[in-house]
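Single-letter residue listing:
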Amino acid sequence: MLKIDQILLASGIKNPEEIKYAFQLLIQTGLQLLKADEGSLLIYRKAEKDLQFACTVGAKNPDSLIGKTIPIGKGITGMAAMTCEIQSASRANSNSFFDIADDGSPNSVIAAPMMIDDELIGVITAVSFDRQKSFNTGDCRNFSLLSQIGAIIISQQQQLANYASQQINSLTETDSIELRAADAAVKIIRKKPENAAKVLQMLSILGEL
């Protein structure tokens, strides 16, 4: 069975343990905000044209989905990757679900692509097993903001790994600002997880300026 670190390393991430923890916090924040049951990080594999599960939070067996894949364009998650737009649906109102082994057959799914300069990095998802639950436009807006934070975290790690391999020791001013901003957000959530919602609300307000 593939391990999370192997998947993250294959995607160009130099410090998989740090990234894994950061995304566990981001996804957990999303689950709290959306009142969802389970969430995942999927990494985009360009050559294979699919998304690979790299991290899952909230599942009874969090390793059961690690390494499994969803083809681009298949299901809610695959459509989010193909369209590069957030997607949400409930099973009762959609026949476009893509079921995979051990996913528990969720009733509602929300999937947000992680984009950097129009380039797909991956997708984060949240699901609910409650038959009465559906995600609204506010949920989509908040989850999309989390995906943007996630994209910056992954992008910066990939760039740092690339710079290190080329023995480049300095970042551009823009890269440095983005890295510090993403790092600051993660540190706040890590130090006081109960303030995650407030952090997201503040970022949402700033994003509308």
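Conventions we followed
- Residues numbered from 1 in each chain as written.
- Predicted model: local features only at pLDDT ≥ 70, side-chain atom pairs only at ≥ 80, totals over all residues.
- Heavy atoms only, no water.
- pLDDT = per-residue confidence, 0-100.
- Helix = DSSP H or I, 4+ residues; strand = E, 2+ residues; numbered from the N terminus.
- Buried < 20%, exposed > 50% of the residue type's maximum accessible area, 1.4 Å probe, protein only.
- Core = buried A, V, L, I, M, F, W, Y, C linked by side-chain atoms within 4.5 Å.
- Contact = heavy atoms within 4.5 Å.
- Pairing = 2+ DSSP bridges.
- Axes fitted to C-alpha atoms, helices over the stretch in contact; angles between N-to-C directions.

**Q** What is the right way to look at the confidence of the model for the protein chain in this model?
**A** Atomic detail in the predicted coordinates should be set aside for any region of low pLDDT. Averaged over every residue, the pLDDT of the protein chain is 80; the share at 70 or more is 70%. Here helix 1 (residues 4-10) stands out as the least confident element of the protein chain, with mean pLDDT 49; helix 3 (residues 75-83) is the most confident, with 95.

**Q** Is there a simple way to think about unusual backbone geometry in this case?
**A** What is expected of a backbone is that most residues other than glycine have negative phi and most peptide bonds are trans. Of note in the backbone geometry, Cys 84 takes a positive phi value of approximately 60 degrees without being a glycine. Residue position: Cys 84 is located in the loop between helix 3 and strand 4 (87-90). The exposure class assigned to Cys 84 is partly exposed, which follows from its relative accessible area of 36%. Phi at Ser 105 takes a positive value of approximately 55 degrees, unusual for a residue other than glycine. Its relative accessible area of 34% is what places Ser 105 among the partly exposed residues.

**Q** Is there a simple way to explain the nonpolar core in this structure?
**A** One broad trend across soluble globular proteins is that nonpolar side chains are buried collectively. Formed by 31 residues in total, the largest nonpolar core has its most connected members in Phe 23, Leu 41, Met 114, Ile 124, Phe 143 and Ile 153. Ranked by the residues each element gives to this core, the list is headed by helix 4 (residues 137-165), at eight residues. Once residues lying within four places of it in the same chain are set aside, the contact partners of Ile 124 are Phe 23, Ser 40, Leu 41, Ile 110, Ala 111, Ala 112, Met 114, Phe 143, Leu 146 and Ser 147.

**Q** Explanation requested: the sheet that holds strand 3 (residues 69-71) in the structure shown.
**A** The pairing of strands in a sheet happens through backbone hydrogen bonds and is either parallel or antiparallel. The six strands are arranged 3-2-1-6-5-4 in an open sheet whose pairing can be described as antiparallel. A strand with exactly one partner marks an edge of an open sheet, and here the two such strands are strand 3 and strand 4. Between one strand axis and the next, the sheet turns by 25 degrees as a mean value, whatever way the strands run. Examined bridge by bridge, strand 5 (residues 108-116) and strand 6 (residues 119-128) share nine bridges and lie antiparallel to one another. When the sheet's bridge partners are listed, Met 114 is paired in strand 6 with Gly 122.

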